[in-house]
Amino acid sequence: MKRKLVMIGNGMAGVSFVEQLLKLNPHRYDITIIGAEPHPNYNRIMLSSVLAGDANMQDIVLNDWDWYRDNNILLHAGQTAAHIDTEKRTVTTDKGIAASYDDLVFATGSLPFMLPLPGADKEGVIAFRDIKDCETMIEASKNYRKAVVIGGGLLGLEAARGLLNLKMEVDVVHIFDNLMERQLDRTASKLLQAELERQGMNFLLEKQSDSIMGKKRVTGLKFKDGTHVDADLVVMAVGIKPNVQLAKDSGIEVNRGIVVDDYLQTSLPNVYAVGECAEHRGIAYGLVAPLYEQGAILAKKLAGVDSEGYQGSVVSTKLKVSGVNVFSAGRFNDEPGTKAVRVQDDIDGIYKKVVFDQGKVIGAVLFGDTGDSSRLFSLIRSGEDFAGREKEVLLGSSGGQMASTGDLVAAMSGDEIVCGCNGVTKDTILESITEKGCVSVGEIRACTKASGGCGGCKPLVEAILTSALGEDNVAAVKEGICGCTTLSRDEVVDAIKRMHLTTSKEVMHVLEWANPEGCTKCRPALNYYLGMVYPDEHEDELESRIVNERSHANIQKDGTFSVVPRIYGGVTTPADLKKIATVAEKYNVPLVKITGGQRIDLLGVKKEDLPGMWGDLDMPSGYAYGKALRTVKTCVGSTFCRFGTQDSIKMGIDLEKKFERLDTPHKVKLAVSGCPRNCAEATIKDLGVVAIDGGWEIYVAGNGGTRVRAADLLVKVKTEEEVLEWTGAYLQYYRETANWNERTSEWAQRVGLDTVKKALESKEDRDALCERIDKTLGLVKDPWKQIVENAELSKAFDALTAPAEAKV
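What counts and how
Residues numbered from 1 in each chain as written. Predicted model: local features only at pLDDT ≥ 70, side-chain atom pairs only at ≥ 80, totals over all residues. Heavy atoms only, no water. 1 Å grid on protein atoms, 1.4 Å probe; cavity = no way out; pocket = protein on both sides within 12 Å on 5 of 7 lines; lining within 4 Å. Points joined across faces, edges and corners; volume = space filled by probe spheres on them. Helix = DSSP H or I, 4+ residues; strand = E, 2+ residues; numbered from the N terminus. Nonpolar A, V, L, I, M, F, W, Y, C, P; charged D, E, K, R; others polar. Buried < 20%, exposed > 50% of the residue type's maximum accessible area, 1.4 Å probe, protein only. Pairing = 2+ DSSP bridges. Axes fitted to C-alpha atoms, helices over the stretch in contact; angles between N-to-C directions. Phe/Tyr/Trp six-rings, centres within 6.5 Å; stacked < 30°, edge-to-face > 60°. Lys NZ or Arg CZ within 6 Å of the ring centre and 35° of its normal. pLDDT = per-residue confidence, 0-100. Contact = heavy atoms within 4.5 Å. Disulfide = S-S within 2.5 Å. Arc of directions from axis to C-beta. Parallel < 35°, antiparallel > 145°, perpendicular 65-115°, else oblique. Left-handed = near helix turned anticlockwise from the far one by under 90°.

**Considering the layout of surface pockets**
- Here the second largest pocket is characterised by a volume of approximately 1000 Å³.
- Looking at the lining of the second largest pocket, the elements that each hand over two or more residues are α19 (522-533), α20 (547-551), α28 (783-789) and α29 (791-800).
- Each residue belonging to the lining of the second largest pocket can be placed in one class, and the counts come to 14 nonpolar, seven polar and 10 charged.

And the structure:
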């Protein structure tokens, strides 16, 4: 008969423990998990990506609902464990559900530490710990401008970066004069501060918070020195504390955390604790790697596998802070009796420091380039003596004294965490190679999630792969467009052309896809490539498109949709405005918003109202949901502006009408400015046109958003016809050579601007490209109109927006 295991907590450490337990002894327990958040297990490290808009909730889920079902795990999500009867061995939730156990595991994690400041209970004062906090910040950014983040540690800086991306002004308050003082030495800290200031953050260092200002809602933060800073939103990111109250109430020994022994057992029999809530030998860890190591030990204990027990962890930190790679491990600050080797490159923004004690590496800090992190961390753990040759550790040696990457991989223990984001050990990666036949990093990623987070561990994953298969075999293996194939984008497109493949099924079958059904990465890519190559033969595969494109509207977090009709060049009429207003009232649209692309967004539309709304609007789709031409932003140009040199409005409208509905590898935004003052911000667009005396300048590969990039000048032309010609040729060359899901800024940097210029250099080549894009444009139709006019399409649309899908 199976034993009953109840785990309180559904976070990364706890679920990692369960995963390992299932591998070691899958039939020993009936497992029940109680999770306070209404979500499956997700990657908390990636919350900053959600805040930054680089990922959504679905992207950071580690174990989806199906995983619990497939492993027969009963999950009570959205419920809090309220009481434990340790004599009867039952746990009762706040909603009255009782679960009995033979073994109980606390994986309650930690709680954000909120400074007990007067006024901390005001509206607009929050922590940054979970999805709900992210949503609160995103919502606040829609109505407020000034944010203050208290805490200059990693969490605070990630929150600040996210708020910057949400277009808020951000002040970071820190009590010390160095940022991330627990992870960086002073030099690295100052380098990081300079980079973040360049990105737009403002720092108030050596400031001690006194009180929160405001009546009902926060209006500012006052400091002990009498000064203050205005704020519409205050985010406290000053640390965490183990979540131990329930354990304490249950009579379990608690110090700072729940006290555990080397096998993670608490003071009560058959009750264990793992993760941030546990305190082992006086230490409560907050980084993910030690938590996974604890989970591995506990899994062996409960699976009946012998182990030496948990001996504590040597902590390292490898992070990407606002795009900057940083790493630290061990004792990296200078101490009496220690020596350090330093390398600093101000040109490339790189700083490296290795600290020695009696010839042994005891700590390291890397900033800007963390390629040596795994090697240095191994040296710290190995205790190898470098007395007399310390410089070799950082600078290398012609005598070949440094350990090779292969030696370092060999020296790693099997349970050592390789991918900190997803808790993947060296043994798990080796199993994917030896038992599941993975032969590329992409396949390992698909199989284990290793390198699927920040990507910082990819070199180490490659090293393990090389060590396992041999260099020659790995050299012959390359990454494909996804884990389903080893073929690159160019090879797939070439095969589509050469073998005249016209459907995704055909491509997958003929090219021997490992997964015959494809995946969420390759299916939309193939659909795009096929449509690009055969615009008149390939039938669009709606099921391969992402949910927004299938619905022809952007799904919102509450399951409703936003509707954005096309407004050419940002120019509308009183009649259209009245029509939009009438429709908004008829369908009870809760929010009508002017977008950054000079359009009108109707937010909060019920799915069942979409076809009717499109019919009543009788306006073209604005494609605000698709990988397609989105907007052409314009200034008023010479029509009204006294500085305008050209008719930018007409130019913008002509461009938008010419290229609307065009499928592209990623979304494309255009802009036209009527003079070099550039009020339409044309030089941060995928393609921007700036009027000059007697002509136009065309800029390309610019980008706003999270990775701001100024556009490069492509060419100067004299006429509007030339603008249309160069734009058409440029967009078609992008369509034909970019990877699916690759923005023009990334594509242009990958292929090189000179390559792009050369491809468009001759009139003959431009005409050929324009001929192909015109053929595609001649086939496109407005999807809203098609759905409204075709009952079958409307029926299919209704099915696509059924509750089951919207819930996802």
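**Quick notes on the pairing of strand β37 (residues 695-700)**
- Counting buried positions along β37 gives six out of six residues, so the element sits mostly inside the fold.
- Judged by which residues are buried, β37 turns out to be covered on both faces: Gly695, Glu697 and Tyr699 on one side and Trp696, Ile698 and Val700 on the other are all buried.
- The pairing of strand β36 (residues 687-692) with β37 spans six bridges and is antiparallel. Considered in β37, the bridge of alanine 691 is made with tryptophan 696.

**Let's talk about the sheet that holds strand β16 (residues 218-223)**
- If you walk across this open sheet you meet the three strands as β15-β16-β17, and the pairing is antiparallel. Pairing within the sheet leaves two strands with one partner each, and these edge strands are β15 (209-214) and β17 (228-230). Along the sheet, successive strands turn relative to each other by an average axial angle of 20°, direction set aside.
- Bridge count between β16 and β17: three bridges; the pairing is antiparallel. Residue pairing in the sheet places lysine 222 in a bridge with histidine 228 of β17.

**Remarks on the packing of aromatic side chains**
- With the rule as written, the count across this model stands at eight aromatic pairs.
- A ring pair is formed by tryptophan 67 and tyrosine 68, whose centres lie 4.9 Å apart and whose planes are at 80°; its orientation type is edge-to-face. Across the pair, tyrosine 68 and tryptophan 67 agree in class, each one buried.
- Between arginine 217 and the ring centre of tyrosine 144, over which it is positioned, the NZ or CZ distance is 3.8 Å.
- Against the face of tryptophan 740 rests lysine 627, its NZ or CZ located 5.2 Å from the ring centre.

**Describing the sheet that holds β37**
- The strand order across the open sheet formed by five strands is β34-β35-β36-β37-β38, and the pairing between neighbours is mixed. Two strands in the sheet have a free side with no partner beyond their single neighbour: β34 (629-634) and β38 (712-717). Strand-to-strand twist in this sheet, taken as the mean axis angle between neighbours without regard to direction, amounts to 15°.
- Pairing geometry for strand β35 (residues 668-673) and β36, over four bridges, is parallel. Pairing of leucine 670 across the sheet is with leucine 687, part of β36.

**Some remarks on the confidence of the model for the protein**
- Looking at the protein as a whole, the pLDDT averages 87, with 92% of positions reaching at least 70.
- In the predicted structure, residues 398-402 sits below a pLDDT of 50 and forms seven contacts with residues beyond four places in sequence or in another chain.
- Low confidence marks residues 799-808, where pLDDT is under 50. Its contacts with residues over four positions away, or in another chain, come to 12 contacts.

**Quick look at the state of the cysteines**
- Applying the stated criterion across every chain, the model contains zero disulfides.
- In this structure cysteine 447 is a free cysteine whose sulfur lies 4.1 Å from that of cysteine 438, the closest cysteine sulfur available.
- In this model cysteine 675 remains outside any disulfide bridge; the closest cysteine sulfur is found in cysteine 641, 5.8 Å from its own.
- On the basis of relative accessibility, which here comes to 7%, the residue cysteine 675 falls in the buried class.

**Details of helix α22 (residues 610-617)**
- Within α22 the residues assigned to the buried category are Leu610, Pro611, Met613, Trp614 and Leu617. Buried residues along α22 cover an arc of 165° about the axis, so they all sit on one side.
- Looking at the residues trailing α22, positive phi occurs at aspartate 618, about 50°.

**Structural notes on helix α13 (residues 426-434)**
- Three or more residues of α13 are buried, namely Lys426, Thr428, Ile429, Ser432 and Ile433. The arc that holds every buried residue of α13, seen down its axis, measures 165°, which confines them to one face.

**Observations concerning the packing of helix α21 (residues 574-586) against α22**
- It is at 10 Å that the axes of α21 and α22 come closest, and there the two elements cross at 155°. Of the possible angle classes, the one that applies to α21 and α22 is roughly antiparallel. For the crossing formed where α21 meets α22, the hand is right-handed. Every residue of α22 that contacts α21 at Lys579, Ile580, Val583 and Lys586 is listed here: Met613, Asp616 and Leu617.

**Some remarks on empty space enclosed by the protein**
- Per the counting criterion, the structure on display carries four cavities of 30 Å³ or more.
- Approximately 90 Å³ is the volume attributed to the largest cavity.
- In terms of lining, the largest cavity is formed by Pro524, Asn527, Tyr528, Ser544, Arg545, Glu549, Lys627, Asp663, Thr664 and Trp740.
- Within the lining of the largest cavity, the residues separate by chemical class into three nonpolar, three polar and four charged.

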